[in-house]
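Spelled out from the first residue to the last, the chains are:
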Amino acid sequence: DDFVQDWLDGNVENGSYFDHVASWFKRVDDPDVLLVRFEELKREPSRVIEQIATFIGMEDVTPTKIQNVMDLTSFDRMKLADEQDMGLRFMRWLGVLRRAHVRQGEVGSADGSRLTFSTEQLAALESLYKEKLQPLGVPREWII
């Protein structure tokens, strides 16, 4: 509950999620911006990696190259890199960072179920969505 409130207030490491999404969604039609959602990347990693490669102008994107990217950016590889990064370890020791950057690598909760919010938390989510994201056309299901 404390983390959810901090997240809703934007009192987390990277600030307000709603402001972050709004800042990029305003540019969704810009030719130099590719909007990639974690949920899409988890659902269809090969397709999204190919989309990213095409967007940045890579040619000859083969299934082998896509698999190589998937291996190099796997949850286990990223978690290990996070744990071994001395700068991040030092920042956690100082208390600047509260937790590891790479937490679970899944959509939803750690056990794979959908996250559960209280009635008050859902109302706050809905309010922030209506205030900051709905006017921009951000799909509601992206947030709630």
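About the thresholds
Residues numbered from 1 in each chain as written. Predicted model: local features only at pLDDT ≥ 70, side-chain atom pairs only at ≥ 80, totals over all residues. Heavy atoms only, no water. Phe/Tyr/Trp six-rings, centres within 6.5 Å; stacked < 30°, edge-to-face > 60°. Helix = DSSP H or I, 4+ residues; strand = E, 2+ residues; numbered from the N terminus. Buried < 20%, exposed > 50% of the residue type's maximum accessible area, 1.4 Å probe, protein only. Contact = heavy atoms within 4.5 Å. Salt bridge = Lys/Arg side-chain N within 4 Å of Asp/Glu carboxyl O. Axes fitted to C-alpha atoms, helices over the stretch in contact; angles between N-to-C directions. Parallel < 35°, antiparallel > 145°, perpendicular 65-115°, else oblique. Left-handed = near helix turned anticlockwise from the far one by under 90°. Nonpolar A, V, L, I, M, F, W, Y, C, P; charged D, E, K, R; others polar.

A. View of the packing of aromatic side chains. Across all of its chains, the model carries 4 aromatic pairs by this definition. Between tryptophan 7 and tyrosine 17 the ring centres are 5.4 Å apart and the planes differ by 35°, which places this aromatic pair in the tilted class. Here tryptophan 7, found in helix α1 (residues 2-9), pairs with tyrosine 17, found in helix α2 (residues 17-25); they are 10 residues apart in sequence, far enough to count as distant. A relative accessible area of 30% places tyrosine 17 in the partly exposed class. Between phenylalanine 25 and tryptophan 142, the aromatic rings sit 5.7 Å apart at their centres with planes inclined by 85°, giving edge-to-face as the arrangement. Of this pair, phenylalanine 25 sits in helix α2 while tryptophan 142 sits in the segment after α8 (119-133); the two residues are 117 residues apart in sequence, bridging distant segments of the chain. One aromatic cluster in this structure is built from Trp7, Tyr17 and Phe18.

B. Molecular detail of the environment of leucine 122. Along the polypeptide, leucine 122 turns up in helix α8. For the pair formed by leucine 122 and isoleucine 144, sequence separation is 22 residues and the distance between their alpha carbons is 7.7 Å. Each residue touching leucine 122, except ones within four places of it in the same chain, is listed here: Phe117 and Ile144.

C. Seen up close, the pattern of salt bridges. The full count for this structure, using the stated rule, is 8 salt bridges. Across the pair lysine 132 and aspartate 19 runs a salt bridge, and its minimum N-O distance is 2.7 Å. Pair noted here: lysine 132 is in helix α8 and aspartate 19 is in helix α2, with a separation of 113 residues, a long-range link. Using a relative accessible area of 40% as the deciding quantity, one classes aspartate 19 as partly exposed. Taking the shortest distance from any N to any O, the salt bridge between arginine 37 and glutamate 40 comes out at 3.6 Å. For arginine 37, a relative accessible area of 15% corresponds to the buried category.

D. Local environment of the packing of α2 against α8. At a minimum axis separation of 10 Å, α2 and α8 run at an interaxial angle of 30°. The angle between α2 and α8 falls in the class roughly parallel. In terms of crossing hand, the pair formed by α2 and α8 is right-handed. Counted together, Phe18, Asp19, Val21 and Ala22 of α2 and Leu125, Leu128, Tyr129, Lys132 and Leu133 of α8 form the full contact between these two elements. Tallied by class, residues from the contact of α2 with α8 come to 7 nonpolar, no polar and 2 charged.

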